[in-house]
Amino acid sequence: CEIGDVIVNELENNYGISVVHDKTVHDVAYTGSYQRSGETVNRYLKKYGDFKLLIDLHRDSVDNKSAFTIKLNGENVAKYMFVIAKNNPHFKSNMMHVNDMIQISNKLYPKLCRGVLYYERGACASNQKKSNNSILIELGSYVNTLDEAKRTGKYLSRVIAEHLNGKK
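Procedures and definitions
- Residues numbered from 1 in each chain as written.
- Predicted model: local features only at pLDDT ≥ 70, side-chain atom pairs only at ≥ 80, totals over all residues.
- Heavy atoms only, no water.
- Pairing = 2+ DSSP bridges.
- Helix = DSSP H or I, 4+ residues; strand = E, 2+ residues; numbered from the N terminus.
- Core = buried A, V, L, I, M, F, W, Y, C linked by side-chain atoms within 4.5 Å.
- Buried < 20%, exposed > 50% of the residue type's maximum accessible area, 1.4 Å probe, protein only.
- Contact = heavy atoms within 4.5 Å.
- Right-handed = clockwise from strand over helix to strand, strands pointing away.

A.B. asks: How should the pairing of strand E3 (residues 75-78) be read in this particular structure?
C.D. replies: The side chains of a regular strand alternate, first on one face of the sheet and then on the other. With four bridges joining them, strand E2 (residues 69-72) and E3 adopt antiparallel strand pairing. Note on E3: the bridge partner recorded for Ile70 is Val77. Adjacent in sequence and paired antiparallel, E2 and E3 are bridged by two residues, among which Asn73 carries a positive phi angle near 50°.

Here is the structure:
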């Protein structure tokens, strides 16, 4: 949630983008976590309608720190990647967001984005079936420090902002 706080702060204060940041813990038990988070997403979609971008923010569980860390502007930051479920009726439109964000990220911060991991059948399609604008981001891994992940939040916010504002 602290990385989400960084992203919210950056988007709202530096880019003028309004954000709804839900901090509900859905994964006390992995089984059923996407079902529980899907109910939360449904509540927000009912309240606000669709969003320009729905982000499900995770961290990875791989223990190879060198694969998940890069030096950027003299600081260690956690790399991130997108995860997309192919069993999702919005796959093509969700991928349009991902591809644009990867292009922006590679231009601004080469090697910060690790690319895309595709799941043929993500649990509940990783809730990406709920919107044309839904993505999942794995930001770092449990081996990254909180500070490394927070620094990434700052860079990722710019990528998100430039994507939403149509800049490249």
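A.B. asks: Mind showing me how you'd approach the nonpolar core here?
C.D. replies: What tends to happen in soluble globular proteins is that the nonpolar side chains get buried as a cluster. Counting 29 residues, the largest nonpolar core has Tyr80, Phe82, Leu112 and Leu156 as its most contacted members. For this core, the secondary-structure elements that each account for two or more residues are helix H1 (2-15), E2, E3, strand E4 (80-85), helix H3 (91-108), strand E6 (134-141) and helix H4 (146-164). When neighbours within four sequence positions are excluded, Phe82 is seen to be in contact with Val98, Met101, Ile102, Cys113, Gly115, Val116, Leu117, Ile135, Leu136 and Ile137.

A.B. asks: I keep staring at the pairing of E4 and nothing clicks. Help me out?
C.D. replies: Burial analysis of E4 places six of its six residues in the buried class, the great majority of the element. Where burial is concerned, the two faces of E4 agree: the one with Tyr80, Phe82 and Ile84 and the one with Met81, Val83 and Ala85 are both buried. By the bridge criterion, five bridges tie E4 to strand E5 (residues 113-119) in an arrangement that is parallel. For Ile84, the partnering residue across the bridge sits in E5 and is Tyr118. Handedness of the crossover is the feature at issue here: the chain leaves E4, passes through H3, returns alongside E5, and the resulting connection is right-handed. As paired strands, E4 and E6 are joined by four bridges and run antiparallel to one another. Within E6, the position partnered with Val83 by the bridge is Leu136.

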